Amino acid sequence: MTLPSVTLAWIALLGLSAATVLVTTGGTGHFSPVLFGGLLLLLAFIKARIILSRYLGLWQAPVWLSGFSWVIGLYCLLLLVLYVAPGFSP
């Protein structure tokens, strides 16, 4: 028996949300702040890709999915730079 792709996406989002909770509850003591922020943004990026591709149906339009992925990826990178930037000020 195969599960529908939306059900698999839901299960993946559940697992990623659990991973986010685990990282946030114990991550600050085990990771550096840069790695902590980067890991949370990476989990958010993966969740956004799943939502875009399966729930919004962009898996049928790979060019649009690629475009949205680039925009979200660059936005996550900008957020990471803004998160790290105060640590570099004198």
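The structure under discussion appears in the preceding block.
Residues numbered from 1 in each chain as written. Predicted model: local features only at pLDDT ≥ 70, side-chain atom pairs only at ≥ 80, totals over all residues. Heavy atoms only, no water.

Asks: Got a minute to help me understand helix H3 (residues 62-84) in this structure?
Replies: In an α-helix there are 3.6 residues to a turn, and that puts residues three or four apart on one side. Here H3 is 23 residues long and its end C-alpha atoms lie 32 Å apart, about the 33 Å a rise of 1.5 Å per residue gives. For H3, the elements touching its buried residues are helix H2 (33-55). (Helix = DSSP H or I, 4+ residues; strand = E, 2+ residues; numbered from the N terminus. Expected span 1.5 Å × (residues − 1). Contact = heavy atoms within 4.5 Å.)

Asks: Just to check I follow, could you spell out H2 for this structure?
Replies: Between its first and last C-alpha atoms H2 spans 32 Å; for 23 residues at 1.5 Å apiece the expected length is 33 Å, and the two agree. Among the residues trailing H2, Gly57 stands out with phi positive, at a value near 75°.

Asks: Please explain the nonpolar core as it appears in this structure.
Replies: Burial of nonpolar side chains together is a common tendency in soluble globular proteins. If you look at the biggest cluster of nonpolar residues, it comprises seven residues: Ala9, Leu13, Leu16, Val23, Phe36, Leu43 and Ile50. Of all the secondary structure elements, the ones that give two or more residues to this core are helix H1 (5-30) and H2. Counting residues per element, this core draws most heavily on H1, which supplies four residues. Beyond its immediate chain neighbours, meaning those up to four positions away, Ala9 contacts Ile50, Arg54 and Tyr55. (Core = buried A, V, L, I, M, F, W, Y, C linked by side-chain atoms within 4.5 Å. Buried < 20%, exposed > 50% of the residue type's maximum accessible area, 1.4 Å probe, protein only.)

Asks: Mind showing me how you'd approach the packing of H2 against H3 here?
Replies: Two packed helices can be described by the angle between their axes and the distance between those axes. Packing of H2 against H3 brings their axes to within 10 Å, and their N-to-C directions diverge by 160°. Taken together, the axes of H2 and H3 lie roughly antiparallel to each other. The two elements H2 and H3 meet at a crossing, and its hand is right-handed. For the pair H2 and H3, contact is made by Pro33, Val34, Phe36, Gly37, Gly38, Leu41, Phe45, Ala48, Arg49, Leu52 and Ser53 and by Leu65, Phe68, Ser69, Ile72, Gly73, Cys76, Leu79, Leu80, Tyr83 and Val84, respectively. A class-by-class count of the residues in the contact of H2 with H3 yields 15 nonpolar, five polar and one charged. (Axes fitted to C-alpha atoms, helices over the stretch in contact; angles between N-to-C directions. Parallel < 35°, antiparallel > 145°, perpendicular 65-115°, else oblique. Left-handed = near helix turned anticlockwise from the far one by under 90°. Nonpolar A, V, L, I, M, F, W, Y, C, P; charged D, E, K, R; others polar.)

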